[in-house]
Amino acid sequence: MKVKSLLSLLLALVLAFASVPFAYAETGEATLKEVTSLTNSTRSYVATDIEGSSVLTVGYDYTTDTDKCFLTLIDAETGSVTLSKSYKYKSFPLENLDECEINSDGTYTVYDRYNGKSAVYDENLKLKSTGKCSKENYNYESKWSNHTLIETDFVKEKDYAYAYYKSDFTNPIYAIAFPEETSTICFTDAEVDCINDCCGKSFLISNEVSDGQKAETSVYDFNSKTYVKTETRAFTGYDFYSVSYGYLNEVYAFFVVESNDNTGSYYTPFVWKYSDETEKTAFTVNKVNSKQIKNLYTKYVTELKNTYGINVIINKAPNTYPTYWDDDLGEEYGGVLTGATPVGIYRVLNDLSGYLSYFPKGFTQEMAVFGGKTHRFDIYIDREIIGDAAAFANRYDGFLICFATEEFTSAFIPHEFLHLIDARIDDYLYKNGKYYEEEWDRLNPKDFFYYEEQPYNEKFFITSYAMTDPREDRADTFEYLFEGYYNQTHPFINNAVRKKSIYLANLIREVYPSVSKLDFASWEHWITPYPVKVKSKNTETSIKVIWSVCRTATTYELQQKKGSSWKTIYKGPKTKYKLNNLSSGKAFSFRVRAFRFDGKRKVYSSWEYYYTATKPKAVKTLKLSTNSSHQIIAKWSKVKPCDGYQIQYARDKSFKNIIAKKYLSSKNKTYKGKNFTKGRKYYVRIRAYTMNGEKTVYSSWSKVKAIKSK
């Protein structure tokens, strides 16, 4: 059984790297200005403030070997950068960049709200002073405390604004909120790429349109019930990911469009004077009746039956339910109240689908087989369980779980499932002459007894509730194994809770055939080092291999393939390694894994393979000629070694208007471009590339040459 609890939800900022894409094909509205000097930058924006037409942005910069923090001032009318300064991260006075502010005296303040620190910069963006500021609770619930989400008023989206209601494990429910004193909301399982930034009664969101080839950004005004939108950018040759960051005031919006092609991700900042847009469209709210809502969750009921062998019973009390002793009445009381709302039922079913997708195939069917027979597996969804309980599982008189929608949170799902997972483990240990509770108690302090309201021992127990019963101890441990996997956190890496986690995970692996077939199950990511992500920074003579941090590991091993075998070139705690004095245009293969010691035993992640190359040398000589057929012939000096060349033709020297591009083999040293306009001037450039697997590494561009077509 699980009592009511409040689980904090962690918000993560994912920082990505980028390089230069091929080309954009069309521009946005006249009031939408691309911040050209920051276009395609690998900077990660974390805070923005707008005063008048001045935009201040702060963030992180990974374009150099040394990570930096930067401050940039942008003119929103022109989209140009007026001033920018960068600081080495190690010498930056703040640990986090949470917020920034343009002050009336011409100075600028950057805040680290998490640690309660601030830094003031003068008009030239030079550090003036440091100080303190109020700390902020980054709990999601407090962040959105100004939004009233009313479950009973369910609406279907047509034109909508956005607030994110995190209520499940893997299939997030998006709550569409109109932030007024009497709010209305919509739940939808269709993903929307949104910018959760709000200014008064205006809200900024985004969507991808045209099959992922275009970003559409909108500003919603709740006073007038209107919105204005712009089709931000059309993409050719690569896909739109999302609008990854946004901020707005009453006049301007600053946001960053993320896109990618087969060589990497790109970030394009924009400023938009949306108050100048004349076309404003009214948005409407269409209410949905209970029958329509039921149609939304019918697919989940069918999925649970057909895929997992689970029967769903809605608004009907199970034959067995817990009761509670009332000292004042001197009698047992309790039970289940029916009458769960369609929205509440939908939330539970949506969350169940999310969590169960992380169980191995056939796992739930194995759960129901123990004690020499197969049990019927039922899940009841009701309104409330009387007696301060939000959910319970029963595997004696029946094999069932009951969820109360009025007190439900998604973390109850793995908790209650563990109570049923325990049945097969208990049966297995008993057949092997062992008693589950005795084996589990060996992991507790000497002479420990489970009972309520005892002082919390955080070294051995993951919650104080876990100290009330060994079954609840295991269930809470399994619950947090899932939370750790979802949030990529590892809060109990160095104490006895990890030993309990390993013991429980190993038992499940031993008893359940579907788990034993896996390298590691989803809940084992918390205790087993998970694979790192690898990238690199390349020059003609060096490669810096960089990999992500694995929170469940202490050491990393980097290997390079030499001939047909792999050789270890680094082993240690760092997350990067640089190879120097390399030949240009040469392919290299690497693999990285994380590991830690459990006693004397090493516990490894799986290998993450990474293929790259040093940059080829640039083409030194490029010559152009033209003929009477309006063709432009390019000849160049060959680059050795390389796998080929990319040549581009444009009408402008900056190559914003590329009209043709061509990939050529390394054997080519000439190319004849066709169909040019007589008498028009064209610009040409070329670069070499080397390929390794799916990775393409380019040289620098040659000098740009210009010629008029005959």
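Given the structure is predicted, the values throughout are model-derived calculations rather than measurements.

Asks: Help me out: how do you make sense of the overall build of the chain in this one?
Replies: The secondary structure content of the chain amounts to nine helices and 50 strands. Per-residue burial over the chain gives 53% buried out of 710 residues. Counting contacts in the chain only where the partners sit at least 6 residues apart, residues at least 24 apart contribute 59% of the total. Within the structure as shown, the chain displays about 33,900 Å² of accessible surface, and the carbon and sulfur contribution to it stands at 46%.

Asks: It is not clear to me how the pattern of salt bridges should be interpreted in this structure. Could you clarify?
Replies: Side-chain pairs of opposite charge can arise whenever the charged atoms involved come near each other. Across all of its chains, the model carries 14 salt bridges by this definition. The salt bridge involving D422 is made with R474; its shortest N-O contact spans 2.9 Å. Here D422 is found in helix α5 (residues 412-431), whereas its partner R474 is found in helix α7 (residues 470-487), with 52 residues between them in sequence. With respect to burial, D422 and R474 carry one shared label: buried. Residues K431 and D427 are paired through a salt bridge, measuring 3.3 Å at the closest nitrogen-oxygen approach. Of this pair, K431 and D427 both sit in helix α5, separated by four residues, roughly a single helical turn. The class of K431 is exposed, set by a relative accessible area of 61%. Put simply, E77, K273 and D276 are held in one network by salt bridges that share partners.

Asks: Sorry if this is basic, but what is going on with the packing of aromatic side chains here?
Replies: In this description, an aromatic ring pair is defined by two values, namely the gap between the centres and the angle between the planes. All chains considered together, the criterion is met by 40 aromatic pairs. Measuring from ring centre to ring centre gives 5.1 Å for F595 and Y604, while their planes differ by 45 degrees; the resulting arrangement is tilted. Look at F595 and you get buried, because its relative accessible area is 2%. For Y604, a relative accessible area of 30% gives the class partly exposed. Ring pairs connect the aromatic residues Y355, F359, F363, F370, F377, F399, F417, F478, F482, Y512 and W523, which therefore count as one cluster. Its guanidinium or amino end placed over the ring of Y111, R113 lies 4.2 Å from that ring's centre, counting from NZ or CZ. Seen from the ring of Y698, R687 lies directly overhead, with NZ or CZ sitting 3.6 Å from the centre.

Asks: Help me out: how do you make sense of the sheet that holds strand β43 (residues 622-626) in this one?
Replies: Reading across from one edge, β43-β44-β47 is the order of the three strands in this open sheet, with antiparallel pairing throughout. Every other strand in the sheet has two partners, leaving β43 and β47 (670-673) as the edge strands with one partner each. Taken pair by pair, the neighbouring strands of this sheet meet at an average axis angle of 20 degrees, ignoring direction. Examined bridge by bridge, strand β44 (residues 632-636) and β47 share four bridges and lie antiparallel to one another. For I632, the partnering residue across the bridge sits in β47 and is G673.

Asks: What is the right way to look at helix α8 (residues 496-511) in this model?
Replies: Within an α-helix, residues lying three or four positions from one another point in the same direction, as the helix has 3.6 residues per turn. Spanning 16 residues, α8 covers 23 Å between terminal C-alpha atoms, matching the ideal 22 Å at 1.5 Å per step. By the criterion of burial, α8 is predominantly enclosed, with 12 of the 16 residues buried. By the burial criterion, the buried members of α8 are A496, V497, R498, K500, S501, I502, L504, A505, L507, I508, R509 and V511.

Asks: Got a minute to help me understand the environment of Y355 in this structure?
Replies: Along the polypeptide, Y355 turns up in helix α3 (residues 342-356). Residue Y355 is classed as buried on the basis of its relative accessible area of 1%. Measuring from C-alpha to C-alpha, the distance between Y355 and P414 comes to 7.6 Å, with 59 residues separating the pair along the chain.

Asks: I tried to follow the side chain of S699 on my own but got confused; where do I start?
Replies: By the secondary structure assignment, S699 is in the loop between β49 (695-698) and β50 (705-708). The class for S699 is buried, based on a relative accessible area of 5%. The residues touching S699, leaving out its near neighbours within four places in the chain, are K615, P616, K617, A618, R687 and A688.

Asks: Sorry if this is basic, but what is going on with α3 here?
Replies: End to end, α3 covers 21 Å across 15 residues, agreeing with the expected 21 Å (1.5 Å per residue, within 8%). Here α3 lies mainly inside the structure; 15 of its 15 residues are buried.

Asks: Would you mind showing me how to read the pairing of strand β7 (residues 80-88) here?
Replies: Successive side chains on a regular strand alternate, one facing one side of the sheet and the next facing the other. As paired elements, strand β6 (residues 68-75) and β7 share eight bridges and run antiparallel to each other. Bridging from a neighbouring strand, F70 pairs with S86 of β7.

Asks: Looking at this structure, how should I read the sheet that holds strand β36 (residues 543-547)?
Replies: As a general point, the strands of a sheet are linked pairwise by backbone hydrogen bonds and lie either parallel or antiparallel. Ordered by their spatial adjacency, three strands build an open sheet running β35-β36-β39, and the pairing between neighbours is antiparallel. If you trace the sheet from one side to the other, it starts and ends with β35 (534-538) and β39 (576-579), each paired once. Averaged over all neighbouring strand pairs, the angle between strand axes comes to 20 degrees, with direction disregarded. Examined bridge by bridge, β35 and β36 share five bridges and lie antiparallel to one another. Across the sheet, residue K535 finds its bridge partner in β36, namely I546.

Asks: Hey, could you run me through the nonpolar core in this one?
Replies: Soluble globular proteins tend to bury their nonpolar side chains together. Ranked by internal contacts, the top residues of the largest apolar core, which has 62 residues, are F403, F417, F478, I508 and W523. Among the elements that line this core, the one with the most residues is α5, at nine residues. Setting aside residues up to four positions removed in sequence, F403 forms contacts with V348, L352, I379, Y380, I381, D382, A390, A391, F408, F412, I413 and E416. Listed in part, the 32 residues of the second largest apolar core include V55, V58, Y60 and I74.

Asks: I tried to follow the confidence of the model for the chain on my own but got confused; where do I start?
Replies: Low pLDDT marks stretches whose predicted atomic positions should not be read closely. For the chain, mean pLDDT is 79; residues scoring 70 or higher make up 76% of the total. Helix α6 (residues 436-441) holds the highest mean pLDDT among the elements of the chain, 95, whereas strand β2 (residues 24-26) holds the lowest, 29.

Asks: Help me out: how do you make sense of unusual backbone geometry in this one?
Replies: For residues that are not glycine, phi is negative in most cases, and the peptide bond is trans in most cases. Going from K640 to P641, the amide bond is cis rather than trans, its omega being -5 degrees. By secondary structure assignment, the location of P641 is in the loop between β44 and β45 (644-650). One non-glycine residue with positive phi stands out, namely L125, at about 65 degrees. By secondary structure assignment, the location of L125 is in the loop between β10 (117-121) and β11 (127-132). A positive phi angle, close to 65 degrees, is found at D447, a residue other than glycine.

Asks: Teacher, can you tell me more about the packing of α3 against α5 here?
Replies: How two helices pack is summed up by the angle between their axes together with the distance between the axes. Relative orientation of the contacting elements α3 and α5 amounts to 65 degrees, with a least axis distance of 10 Å. In this structure, the crossing between α3 and α5 has a hand that is right-handed. Every residue of α5 that contacts α3 at D351, L352, Y355 and L356 is listed here: I413, P414 and F417. In terms of residue class, the contact of α3 with α5 is built from six nonpolar, no polar and one charged.

Asks: Is there a simple way to think about the side chain of D49 in this case?
Replies: Relative to the assigned elements, D49 resides in strand β4 (residues 44-51). Of the side chains with opposite charge, R113 lies nearest to the buried D49, which makes no salt bridge, at 10 Å. A distance of 3.2 Å separates a polar atom in the side chain of D49 from a polar atom in the side chain of Y247. In this structure, D49 is in contact with S54, V55, L56, C100, E101, I102 and Y247, ignoring residues within four places of it in sequence.

What counts and how
- Residues numbered from 1 in each chain as written.
- Predicted model: local features only at pLDDT ≥ 70, side-chain atom pairs only at ≥ 80, totals over all residues.
- Heavy atoms only, no water.
- Helix = DSSP H or I, 4+ residues; strand = E, 2+ residues; numbered from the N terminus.
- Buried < 20%, exposed > 50% of the residue type's maximum accessible area, 1.4 Å probe, protein only.
- Contact = heavy atoms within 4.5 Å.
- Areas by Shrake-Rupley, 256 points an atom, 1.4 Å probe, with all protein chains shown as cover.
- Salt bridge = Lys/Arg side-chain N within 4 Å of Asp/Glu carboxyl O.
- Phe/Tyr/Trp six-rings, centres within 6.5 Å; stacked < 30°, edge-to-face > 60°.
- Lys NZ or Arg CZ within 6 Å of the ring centre and 35° of its normal.
- Pairing = 2+ DSSP bridges.
- Axes fitted to C-alpha atoms, helices over the stretch in contact; angles between N-to-C directions.
- Expected span 1.5 Å × (residues − 1).
- Core = buried A, V, L, I, M, F, W, Y, C linked by side-chain atoms within 4.5 Å.
- pLDDT = per-residue confidence, 0-100.
- Left-handed = near helix turned anticlockwise from the far one by under 90°.
- Nonpolar A, V, L, I, M, F, W, Y, C, P; charged D, E, K, R; others polar.
- Lys, Arg positive; Asp, Glu negative; His and termini not counted.
- Polar contact = N/O pair within 3.5 Å; in protein donor to acceptor, adjacent residues only side chain to side chain.

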